[in-house]
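Summary of the model geometry
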Amino acid sequence: MPEAAAPPDSPGRILVIRLSALGDVIRTLPLLPPLRARFPDASLAWLCEPLAYPVLARQPLLSRVLQFPRGELSRAAAGGRFLEAARRTRRLLAELREARFELVLDAQGTYKSGALTLLSGAPRRIGFARGAAREYLPGAATERVDPGAGLSRVQRALELLRPLGADPGLAAASLPVSEGEAARAAELWTAAGSPPRILLAPGASHRQDYKRWPARRFGLLAAALRRRGMTVRIAWGPGEEDLAREGADAAAEPELVLPATTLLELAELCRGADLFVGNDSGPMHLAWLTGTRVVALYGPTDPVLNAPWGEGHVQVAVPWPAETPRPRDPDLMRRLEVDEVECAVLGALAAPRRPPAH
């Protein structure tokens, strides 16, 4: 086997691997400006799963966005079409190799992302150390970073810049306006009513439904805010319409439920809102990415690790000893009372408006 080329001091082609989930992809975006400043002439690419693609495709600092076809591979394997899955995997690996990346940052830290990091063929590969990565694949990275405990997910991602001498103080993230989607969002908000406009999102990942505050309590919150003269709408994602309708029924106002939206339409609805209220979820992180203030609700997940990035946000969290892991118990979310969240909403709206984190 020929000897590997020496890692370049100034890589011309850089790949970030953060496949999923949506919120985690968003929380990795702040490392792009420091990377660009450190390597101004480099081509920056990102490998993701399809759900996050619309957000990444709108990032001006990225030259290219590659997709890991998780859905295609899962459907082919489930249907016994193993040759099809193998062919699709080979195409992706060929695409990675043909790109001739010189530096890869594995911001995911799983067996899958580690394997893709290694198979990229890049001579310099930076990942998380054993114990810091969720799943550790020996040999996948040529350099390892241990962020330590107690950092937010954004700060953890920024630690990958340390071996490169990039300045984490330049970290920033935003989402450019999507004009067509913004026009539709403006129509929906105009039809809904006047400011202040509050967007509620009762959903969360189907695999992590323990993070959901009961939909009925979202409805009771909506009713309380409506009595204060606020405009409220309830957003939902795939498979979450029943949650939205349960909330609207609790508020006795079925018209609160928004129509189905694409991811970028949801982003523009967030941007048009004065405040977003939701669980620890992808839409919550999408909201701060658009510059909207957030009231984020936490029970089984750590509010320090999963905080919305930037200033002006409010976290409502079930008290829990810092040294004790939070159990994945949905009953924790039921400890958050409606009046507690309502007070957080009022406090967030009364706070001075701060610029978004970009």
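Residues numbered from 1 in each chain as written. Predicted model: local features only at pLDDT ≥ 70, side-chain atom pairs only at ≥ 80, totals over all residues. Heavy atoms only, no water.

**A word on the packing of aromatic side chains**
The condition that has to hold: Between 30 and 60 degrees the pair is tilted, below 30 it is stacked and above 60 it is edge-to-face, where a pair is any two Phe, Tyr or Trp rings, Trp via its six-membered ring, whose centres lie within 6.5 Å. For every residue, the accessible area obtained with a 1.4 Å probe (protein chains only) is divided by the maximum for its type, and the residue is called buried under 20%, exposed over 50%, and partly exposed between those limits.
For the coordinates displayed, the defined rule picks out two aromatic pairs. With a centroid separation of 5.0 Å and 75° between ring planes, the pair formed by W213 and F218 is classed as edge-to-face. For the pair W213 and F218, one class covers both residues: buried. Note on W288 and W309: the rings are 5.9 Å apart at their centroids and 65° apart in plane angle, and the pair reads as edge-to-face.

**Concerning helix α5 (residues 82-99)**
The line we're drawing: Only DSSP runs of H or I with at least four residues qualify as helices, and only runs of E with at least two residues qualify as strands; both kinds are numbered from the N terminus onward. How far a helix is expected to stretch is found by multiplying one less than its residue total by 1.5 Å. Picture the helix axis, draw a direction to every C-beta atom, and the arc is the one those directions span.
If you check α5, its first and last C-alpha atoms are 26 Å apart, about what 18 residues at 1.5 Å a residue would give, namely 26 Å. Among the residues of α5, A85, R88, L92, L96 and A99 are the ones counted as buried. Seen along its axis, α5 keeps its buried residues to an arc of 80°; they face one direction. For α5, exposure combined with an orientation more than 90 degrees from the buried face picks out F82, L83, R90, R91 and E98.

**Quick look at the environment of L266**
Rule in force here: The contact definition used throughout considers only heavy atoms, calling two residues in contact when any of these lie within 4.5 Å.
Here L266 lies in helix α11 (residues 263-272). Residue class for L266 comes out buried when judged on its relative accessible area of 9%. In this structure, the C-alpha to C-alpha distance between L266 and G79, residues 187 residues apart in sequence, is 33 Å. Those residues in contact with L266 that sit more than four places away from it in its chain are L199, A235, T261, P283 and L286.

**Re the sheet that holds strand β11 (residues 314-317)**
Spelled out, the test is: Two strands qualify as a pair provided DSSP detects at least 2 bridges between them. For helices, the fitted axis covers only the stretch in contact; all axes are lines through C-alpha atoms, and the angles between them, taken along N-to-C directions, range from 0 to 180 degrees.
An order of β8-β7-β9-β10-β11 is seen for the five strands of this open sheet, with the pairing classed as parallel. What marks the edges here is a single partner per strand, and that holds for β8 (231-234) and β11. Here the strands of the sheet are splayed against their neighbours by 15° on average, with no regard to which way each runs. Pairing of strand β10 (residues 294-298) with β11 involves four bridges; the strand directions are parallel. By the bridge assignment, A296 is partnered in β11 with Q315.

**Quick word on the pairing of strand β9 (residues 275-279)**
We apply this condition: With strands facing away from the observer, any crossover in which the path from the first strand over the helix to the second runs clockwise is taken as right-handed.
Taking burial as the measure, the five residues of β9 include five buried ones, the bulk of the element. Relative to β9, strand β7 (residues 197-201) runs parallel, the two sharing four bridges. Bridging across to β9, A201 finds its partner in G278. Taken together, the four bridges between β9 and β10 define a ladder with parallel strand orientation. When the sheet's bridge partners are listed, G278 is paired in β10 with A296. The parallel pair β9 and β10, bridged by helix α12 (residues 282-289), forms a crossover whose chirality is right-handed.

On their own, these measurements won't tell you what the molecule is for.
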